[in-house]
Every structure is written in structure tokens, then in C-alpha cells.
Amino acid sequence: MRLQTDPSRFSITAFLADQVALVARQEKLPPGAALLRLQELSRTPEGRATLMRLIESAGRCEPNAEEAAKIEAICRELVAWGYGGFTGGTRHEPHHDHRAAA
């Protein structure tokens with residue numbers, strides 16, 4: 001399934017749906033279990049770091065440039081929400097401890 005994120009504009013619906021899709025892909029979970037896993041990971045700094053690594057890994061493994069750009073946009077947005085350093089490009093340091101609405 002293709003990701004829904006449009007790198008040129010933010011959509012909370014696409015952002016959350018794509019996080020679930022990426023967790024499902026990376027951890028080989030059905031969508032409902034992936035949503036629960038995403039919620040679990042979002043609760044602690046360690047979990048958020050794990051989520052970032054999981055999504056960054058998906059980006060590194062993605063052969064389709066368009067899909068990889070979507071994953072990079074998701075990573076940038078997670079960094080903006082305070083999820084930690086994004087290693088796929090310029091490293092950003094978190095300034096806040098916000099949690100995604102997952």
C-alpha cells in the first residue's frame with residue numbers, strides 16, 4: 001500500500017495513517033496491532049526513539065524515491081513533534097517533549 005503523505009503539505013490524517021502503515025510493515029503487524037504499537041511507542045522517550053529508528057530504517061530500505069520522500073517528510077514532522085534526531089539528513093535536536101496524537 002502506498003503512503004498517503006504529501007511532502008509539500010501537512011495532513012494529520014495522512015501523517016498518522018502512514019505511521020501505522022510503516023510500523024505494520026517494519027514489525028510485520030496487522031493494522032490494529034500496529035496502531036496499538038504506535039501508541040505504546042509514543043508514550044516514552046525511549047519508545048519515541050525506537051519509532052524514529054524504525055521509520056528511518058523504512059526510509060533507508062525504500063527503493064521508490066517518491067515513497068522515500070514521503071517517509072522523510074514523516075521523519076521531519078516527527079522531529080518537529082519532539083521525537084528526536086533525524087539521521088536521514090541534517091540532524092535536528094529536539095526542543096520540546098511533545099507527543100504525536102497517535
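Attention here is on the structure that accompanies the text. Just so it is clear, the model here is predicted, and its values are computed rather than measured. (Residues numbered from 1 in each chain as written. Predicted model: local features only at pLDDT ≥ 70, side-chain atom pairs only at ≥ 80, totals over all residues. Heavy atoms only, no water.)

A look at the overall build of the protein chain
So, step 1. Per the secondary structure count, the protein chain includes four helices and zero strands.
So, step 2. Put simply, of all contacts in the protein chain between residues at least 6 apart along the chain, 50% involve residues at least 24 apart.
So, step 3. Carbon and sulfur atoms form 56% of the exposed surface of the protein chain, whose accessible area is close to 5,800 Å². (Helix = DSSP H or I, 4+ residues; strand = E, 2+ residues; numbered from the N terminus. Contact = heavy atoms within 4.5 Å. Areas by Shrake-Rupley, 256 points an atom, 1.4 Å probe, with all protein chains shown as cover.)

Here we look at the pattern of salt bridges
So, step 1. Applying the stated criterion across every chain, the model contains nine salt bridges.
So, step 2. Aspartate 6 is paired through a salt bridge with arginine 9; the nearest N and O atoms lie 3.3 Å apart.
So, step 3. By relative accessible area, aspartate 6 is classed as partly exposed at 29%.
So, step 4. Overall, the relative accessible area of 61% leaves arginine 9 in the exposed class.
So, step 5. One salt bridge connects glutamate 40 with arginine 37, and the closest N-O pair in it is separated by 3.1 Å. Residue glutamate 40 and its partner arginine 37 are both found in helix α2 (residues 31–41); the two are separated by three residues, about one turn of the helix.
So, step 6. Residue class for arginine 37 comes out partly exposed when judged on its relative accessible area of 22%.
So, step 7. Each of Arg2, Glu66, Glu67 and Lys70 takes part in one network of salt bridges that share partners. (Salt bridge = Lys/Arg side-chain N within 4 Å of Asp/Glu carboxyl O. Buried < 20%, exposed > 50% of the residue type's maximum accessible area, 1.4 Å probe, protein only.)

Thoughts on the packing of aromatic side chains
So, step 1. Here the structure, examined in full by the defined rule, presents two aromatic pairs.
So, step 2. Judged by centre distance (5.5 Å) and plane angle (55°), the rings of phenylalanine 10 and phenylalanine 15 are tilted.
So, step 3. One aromatic cluster is present, built from ring pairs that chain together Phe10, Phe15 and Trp81. (Phe/Tyr/Trp six-rings, centres within 6.5 Å; stacked < 30°, edge-to-face > 60°.)

So, helix α3 (residues 45–61)
So, step 1. Spanning 17 residues, α3 covers 24 Å between terminal C-alpha atoms, matching the ideal 24 Å at 1.5 Å per step.
So, step 2. Those residues of α3 lying buried are Gly47, Arg48, Leu51, Met52, Leu54, Ile55, Glu56 and Ala58. (Expected span 1.5 Å × (residues − 1).)

Quick look at the side chain of glutamate 67
So, step 1. Structurally, the position occupied by glutamate 67 is in helix α4 (residues 65–80).
So, step 2. Using a relative accessible area of 4% as the deciding quantity, one classes glutamate 67 as buried.
So, step 3. Of note is the side chain of glutamate 67, whose polar atom sits 3.1 Å from the side chain of lysine 70.
So, step 4. Apart from the residues within four sequence positions on either side, glutamate 67 is in contact with Arg2, Leu3, Arg25 and Glu62. (Polar contact = N/O pair within 3.5 Å; in protein donor to acceptor, adjacent residues only side chain to side chain.)

Some points on the nonpolar core
So, step 1. Core analysis: the biggest nonpolar cluster contains 22 residues, and Leu22, Leu51, Ile55, Ile71 and Leu78 have the highest contact counts within it.
So, step 2. Of all the elements in the fold, those that place two or more residues in this core are α1 (12–27), α2, α3 and α4.
So, step 3. Per-element accounting of this core gives the leading share, six residues, to α1.
So, step 4. In this view, isoleucine 55 contacts Gln19, Leu22, Ile71, Ile74, Cys75 and Leu78; residues no more than four positions away in its chain are not counted. (Core = buried A, V, L, I, M, F, W, Y, C linked by side-chain atoms within 4.5 Å.)

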